[in-house]
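So you can see what is in the structure, the chains are spelled out below.
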Amino acid sequence: MKQPFPFSAIVGQDDMKRAMILTAIDPTIGGVLVFGDRGTGKSTAVRALAALLPPIHAVEGCPVNAERLADCPDWAGITSDKTQEIPTPVVDLPLGASEDRVTGALDIEKALTNGEKAFQPGLLAKANRGYLYIDEVNLLEDHIVDLLLDVAQSGQNVVEREGLSIRHPARFVLVGSGNPEEGELRPQLLDRFGLSVDVASPTDIDQRIEVIKRRDAYENDHTAFMVRWQAEDGMLRDQITAARVALKELKTPEQSLRDVAELCIALGSDGLRGELTLLKAARAYAAFRDDTALTRGHIRDVAPLALRHRMRRDPLDDAGSGTRVARIVEETLGA
Amino acid sequence: MTPLIRAHTALALLAIDPLLGGLVVRARAGAVRDAVMAAVPEHTRLHPAMSHEALDGGIDVAATLNAGMLTQTRGLLARDGVFVLAMAERSEPYLAARLAATLDLQQGQTVIALDEGIEDEGLPPALSDRLAFRADLNDCALADIADRPNWPTPAPLARVSVPDDVVDELALLAVRLGITSLRAVGFALRATKAHAALNGRLESVSDDIATAVALVFAHRATQLPADQEEAQEAPDSTPPPETPEGPPAPQESLPQDLLLEAVLANLPPDLLAKLHGTGADRSATGSGSGQKKIGNRRGRPLPARDGGNRQGRVDLIATLRAAIPWQTLRRRDAPHHAGPIIRHSDLRYKRYVDHSDRLLIFAVDASGSAALARMGEAKGAIELLLAEAYARRDHVALISFRGQDAEVLLEPTRSLVQTKRKLADLPGGGATPLAAGLMAAQNMAAQARRKGLTPTVITLTDGRANMALDGTADRGQATIDAQTVARALRAARVDSIVIDTGKRPEPSLSKVADLLGGSYIALPRADARSVAGVVASTLEI
């Protein structure tokens, strides 16, 4: 299996990359939705993210990647508290996945051959403490969406079936991508994503040429290409790790809270979730920039990411909600 | 390049480099298509109605029961080689997405999609974007079948080299042709290499590039390049690719022009027609068929599910499949039970995807003197349509607009009695706030869509808009507002019909109809029966 295309080698698409880095710094921001044209590198970016993220420590053999033995579910039957370093899980949820695959179900093999009732963990268990990626999220079957909504909200996966009663932690960052032309996303699911990004093909000819050249180099001169860009990825990874630490020390002035609230009122975004996400994203961004306090500039930069998908549609404005957010941010927070 | 040679070249290139994804063959079934398909190597045939299980695999009931241990069937998509997707234009987005995901894994699988679509019908774009080539064989004659080029022994693909500036050329050309997807440029580069290899060359020549762009770009073009002057200004001063052993002559001219010619010669004939259309491509919804909806009575089968609605039909196979894992355990409790032990929780119920009911939203102009008559006829048309609605599962709604505002007179319903009662007396007179009427229709359409209905807006009016959205009687602003709302309705993919009941056809109305992407029908003496007839025939219901 070829190593994925390196994250830092992706040309342009700064919004998308920034959104993904912010969730890596603070996973509680709650996921990224990437909507846009075909052939703009949506899937490439998510697959690249896996290689970029710093590794985590998990109890050896634990099906939910728990950090301490006490957090391992008892049905896993783990006794040793030895931990190991594993890459941050990035789990693909394919469109065709059945409910059983997603939540986990009876281990059929064991049940048939030994007559033993055992639980086989599903994708949600695997994604705990990591990322769950759904390509073409707008085409996902309704009953799987319902299930995800519930788990993403509670952070717990509950499986109740004949004779089996299992629960385990399932906290993950939801990453979805899709093409809005093929179907809308239910507002409830939309709301679960902390940040949203609209991607489009680069319009700059040099950028487009660079995209193809890097892709070609990745395919034909793989080793040299990976050496060059993995070094960049490494630097970015260190930045993320440093930002995670810095986030704890970061000051949030009263004025910033006021700015965030004012902005959300001006935009008429529904509920408090927008405000909270915007604040978290802005803080993560400030930490990433290595600044010691949150400023208006940080809020301005991430506001479109955090608020774009929380606005009511205006049928008379064809500019798209991204432009609208940008305009109102400009009006409220000034230049 | 004739379409048949296109198809054959594409197949040959796919055999050399499977990462080109595949080929869309647009043709009705027939001898010409068969001739092309004869060149396709051994393949797995897929069709749009295939169940998830067939595609993705599952538990093999018979084998599992026999062997007493778990036996899985491999889904078709796990196979190697070539997939032939028949009746590709009928593909659901799900199938397209699954195939797209399969192709993204880059495991050497290719897809030949047989597209029998008429006019706007076609492959879901998520899939067609991942297939490099397309050949339209609809206009091929039987006599051309013999047209099949021969190629020398191919050179090894891995060793083919391409001059550096080819990428620049390709990217620039793609922009000039209005191709946004970067995948296309990548495909063109691959196709260039594959074509060189196909002809036994280790270094690509301009002919390879020209063939590649003709095959990959021509059907993707969304605009014709601006005139040559602009081309000169473009950042393109690179020398033509150096080719030591290629054919000498054509390289003297600017490669951009050469490539452009190759593409222009291969543009699909209907491109120009499409370019004159405005706004977004509407093929995704297509009129006449409702949106998809999940039910338990009819339609295309979906994976069976447990619980919930116990009204449906039991899916026997899925039930057995659910029961198998427990057999060893359950047999302990009931050792003398013969046959599989099925419990209530094993039961699986069938589900189907069905097309949803349609909602006809009548937006009727209640302004001016002719209002009463028009409203009366609209009411009659609604009743007529409703009377037939049981056969077609249609709902209707009525919005009237007059004075400064629009008003919902009849919420979506299919009850004839309710309609008759509510539409007993209708007020009329005043100005024509067309924009407000359309906006009310759009709001209702959006709501209906959320409920799973497929809305169609039918506008009946005889005049020009003369009341702006903000309630000022400004003819110019009113026209602009009406056009803006019309564009929004089109962007929301709501089908629409504009019926002009004026004595003379009103040009501004046909402009609005154009912006709506719907049909404009002039019916000077509209009576209930003709309106109902027009609506029914336009929607093909």
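Every chain is numbered on its own, with residues counted from 1 as its sequence reads. Ligands are numbered from 1 and chains lettered from A, in the order in which they are written. Per-residue local features of the predicted model are confined to residues with pLDDT of at least 70, and side-chain atom pairs are confined, for both listing and counting, to 80 or more; whole-chain, interface and lining totals are unaffected and use all residues. Just so you know, side-chain values use all the structure's heavy atoms and leave hydrogens and water out.

Draft legend 1. Molecular detail of the overall build of chain A. Numbering goes from the N terminus for both helices and strands, where a helix is a DSSP run of H or I of at least four residues and a strand is a run of E of at least two. Regarding its fold elements, chain A presents 13 helices and eleven strands. Partly exposed describes any residue whose relative accessible area lies between the buried limit of under 20% and the exposed limit of over 50%, with all areas from a 1.4 Å probe on protein chains only and scaled to the type maximum. Buried residues in chain A amount to 51% of all 335 residues. Taking contacts inside chain A between residues at least 6 apart in sequence as the whole, the part at least 24 apart equals 74%. Computed with a 1.4 Å probe, the accessible areas rest on the Shrake-Rupley method; for each residue, only the protein chains presented here act as cover. For chain A, the accessible surface area stands at approximately 15,100 Å², while carbon and sulfur atoms represent 49% of it. Contacts are assigned to residue pairs with any non-hydrogen atoms lying within 4.5 Å of each other.

Draft legend 2. Structural detail: the overall build of chain B. Helices and strands together make up the secondary structure of chain B, namely 21 helices and 16 strands. Per-residue burial over chain B gives 50% buried out of 541 residues. A sequence separation of at least 24 residues applies to 77% of the contacts in chain B between residues at least 6 apart.

Draft legend 3. Quick peek at the sheet that holds strand β1 (residues 32-36) of chain A. Residues and elements named next belong to chain A. With parallel pairing, five strands are arranged side by side in an open sheet as β4-β7-β10-β1-β11. Two strands in the sheet have a free side with no partner beyond their single neighbour: β4 (90-92) and β11 (195-199). In this sheet, adjacent strand axes meet at a mean angle of 20° when their direction is disregarded. In short, DSSP must find at least two bridges between two strands for them to pair. Note on geometry: axes are C-alpha line fits, over the in-contact stretch for helices, and angles between N-to-C directions span 0 to 180 degrees.

Draft legend 4. Here's a closer look at the interface of chain A and chain B. If you look at the interface, chain A gives 36 residues, while chain B gives 56 residues. Summed over both partners, buried area is the accessible surface (1.4 Å probe) that two parts give up on being assembled. Here chain A and chain B share an interface that buries about 4,100 Å² over both sides, 61% of which is from carbon and sulfur atoms. Throughout this description, the term salt bridge denotes a Lys or Arg side-chain nitrogen within 4 Å of a carboxyl oxygen of Asp or Glu. At the junction of chain A and chain B, the tally comes to three salt bridges. In this structure, the salt-bridge partner of K193(B) is D216(A), at a minimum N-O distance of 3.2 Å. Any N or O atom pair separated by 3.5 Å or less is treated as a polar contact, with the protein-specific requirement of one donor-capable and one acceptor-capable atom, and with residues adjacent in sequence counted only for side-chain atom pairs. Run the count over chain A and chain B and you get six residue pairs in polar contact (both at pLDDT 80 or more). Counting residues per element, the side of chain A that touches chain B draws most heavily on helix α8 (residues 205-220) of chain A, which supplies nine residues. Under the scheme applied here, ten amino acids are nonpolar (Ala, Val, Leu, Ile, Met, Phe, Trp, Tyr, Cys and Pro), four are charged (Asp, Glu, Lys and Arg), and all others, including Gly, are polar. Partitioning the side of chain A that touches chain B into residue classes produces 13 nonpolar, eight polar and 15 charged.

Draft legend 5. Structural context of the sheet that holds strand β11 (residues 358-365) of chain B. All names here are of chain B. Strand order in the open sheet formed by six strands is β13-β12-β11-β14-β15-β16, with mixed pairing between adjacent strands. If you trace the sheet from one side to the other, it starts and ends with β13 (405-413) and β16 (519-522), each paired once. Strand-to-strand twist in this sheet, taken as the mean axis angle between neighbours without regard to direction, amounts to 15°. For β11 and strand β14 (residues 454-461), the ladder comprises seven bridges, and the chain directions are parallel. Opposite L360, over in β14, you have T456 as the bridge partner.

Draft legend 6. Geometry of the packing of aromatic side chains. Residue and element names in this part refer to chain A. We call Phe, Tyr and Trp rings a pair once their centres come within 6.5 Å, taking the six-membered ring for Trp, and we label the pair stacked below 30 degrees between planes, edge-to-face above 60, and tilted otherwise. For the structure on display, the rule yields five aromatic pairs over all chains. Their ring planes at 40° and their centres at 5.6 Å tell us that F5 and F225 sit as a pair that is tilted. Residue F5 is located in the segment before α1 (14-25), and its partner F225 is located in helix α9 (residues 222-249); the two are separated by 220 residues in the primary sequence. Residue classification places F5 among the buried positions, given a relative accessible area of 8%.

Draft legend 7. Quick peek at the packing of helix α19 (residues 475-491) of chain B against helix α20 (residues 507-516) of chain B. Residues and elements named next belong to chain B. For the pair α19 and α20, interaxial distance at closest approach is 7 Å and the crossing angle is 30°. With respect to α20, the element α19 is oriented roughly parallel. Of the residues in α20, those touching α19 at Q483, A486, R487, L489 and R490 are K511, V512, D514, L515 and L516. Within the contact of α19 with α20, the residues separate by chemical class into five nonpolar, one polar and four charged. Should an angle fall under 35 degrees it is called roughly parallel, over 145 degrees roughly antiparallel, and 65 to 115 degrees roughly perpendicular, with every other angle called oblique.

Draft legend 8. Highlighting α1(A). Residue and element names in this part refer to chain A. Taking 1.5 Å per residue as the helical rise, α1 with its twelve residues ought to reach 16 Å, and the 16 Å between its terminal C-alpha atoms agrees with that figure. Within α1, nine of the twelve residues are buried, which leaves it mostly tucked inside the rest of the structure. Listed in full, the buried residues belonging to α1 are M16, K17, A19, M20, I21, L22, T23, A24 and I25. To estimate how far a helix should extend, the number of its residues minus one is multiplied by 1.5 Å.

Draft legend 9. Highlighting the side chain of T23(A). Residue and element names in this part refer to chain A. Tracing the backbone through its elements, the reader meets T23 in helix α1. For T23, a relative accessible area of 1% translates into the label buried. At 3.2 Å, the side chain of T23 and the side chain of Y131 are in polar contact. Aside from chain neighbours lying at most four places away, what touches T23 is I29, G31, V32, Y131, V173 and L195.

Draft legend 10. The pairing of β14(B), seen in detail. All names here are of chain B. Burial runs high along β14: eight of the eight residues are buried. Burial of β14 is two-sided: the residues T454, T456, I458 and L460 facing one way and the residues P455, V457, T459 and T461 facing the other way are all buried. Direction of pairing for β14 relative to strand β15 (residues 495-500): parallel, over a ladder of six bridges. Looking at the pairing, I458 lines up with I497 of β15. Where the polypeptide runs from β14 across α19 and back to β15, its parallel neighbour, the crossover connection is right-handed. Convention used here: a crossover is right-handed provided that the path from the first strand, over the helix, to the second strand proceeds clockwise when the strands point away from the viewer.

Draft legend 11. Broad picture of unusual backbone geometry. Residue and element names in this part refer to chain A. The phi dihedral of N65 is positive, around 55°, even though this residue is not glycine. Looking at the secondary structure, you find N65 in the loop between β2 (56-59) and β3 (83-86). Assessed through its relative accessible area of 11%, N65 is described here as buried. Positive phi is not limited to glycine here, since D290 has a value of about 70°. Structurally, D290 is set in the loop between α11 (273-288) and α12 (296-307). Residue D290 is classed as exposed on the basis of its relative accessible area of 64%.

Draft legend 12. Spatial organisation of α19(B). Residue and element names in this part refer to chain B. When the terminal C-alpha atoms of α19 are compared, their 24 Å separation across 17 residues agrees well with the 24 Å that a helix rising 1.5 Å per residue should span. Every buried residue of α19 is listed here: A478, D481, A482, Q483, T484, V485, A486, A488, L489 and R490. Structurally, α19 contributes buried residues whose contacts are with α18 (434-450), β14 and α20. By the N-cap criterion, in which a side-chain oxygen at the helix start approaches the backbone nitrogen of a residue two or three places on, α19 is capped by D474, the distance to G476 being 3.0 Å. Directly after α19, the chain includes R493, whose backbone phi takes a positive value near 60°.

Draft legend 13. Highlighting the nonpolar core. Side-chain atoms within 4.5 Å link the members of a nonpolar core, which is a set of buried Ala, Val, Leu, Ile, Met, Phe, Trp, Tyr and Cys residues. Counting 62 residues, the largest nonpolar core has L20(B), L23(B), I112(B), F133(B), L137(B), L170(B) and F217(B) as its most contacted members. All the domain ranges listed were derived from an automatic or database domain assignment. When residues of this core are sorted by domain, at least three fall in each of domain 1 (1-150) and domain 2 (154-241 + 249-278) of chain B. Among all residues touching F217(B), those that are not within four sequence positions of it are L170(B), L173(B), A174(B), L177(B), I179(B), A184(B), V185(B), A188(B), A212(B) and V263(B). By size, the runner-up hydrophobic cluster in this structure holds 61 residues, among which are I10(A), A19(A), L263(A) and V329(A).

Draft legend 14. Representation of the environment of L398(B). With respect to the secondary-structure elements, L398(B) resides in strand β12 (residues 394-402). Through-space distance from the C-alpha of L398(B) to that of T413(B) is 9.6 Å; in sequence the pair is 15 residues apart.

Draft legend 15. Representation of the environment of V102(A) within the structure. As for its position among the elements, V102(A) is in helix α3 (residues 99-103). Filtering out sequence-adjacent residues up to four positions away, V102(A) remains in contact with L93(A), A97(A), G122(A), L123(A), L124(A), I144(A) and L147(A).

Draft legend 16. Molecular detail of the pattern of salt bridges. Here the structure, examined in full by the defined rule, presents 17 salt bridges over all chains. Residues D168(B) and K213(A) are paired through a salt bridge, measuring 3.1 Å at the closest nitrogen-oxygen approach. Here the residue D168(B) occupies a position in helix α7 (residues 165-176), and K213(A) occupies one in helix α8, the pair thus bridging two chains. Taking relative accessible area as the criterion, K213(A) reaches 31% and is therefore assigned partly exposed. With a shortest N-O distance of 3.4 Å, E232(A) and R228(A) are connected by a salt bridge.

Draft legend 17. Quick peek at the side chain of R201(B). Examined against the element boundaries, R201(B) turns out to sit in the loop between α8 (182-198) and α9 (206-216). Setting aside anything within four residues of it in sequence, one finds R201(B) in contact with A155(B), V160(B), H195(B), A196(B), D207(B) and D208(B).

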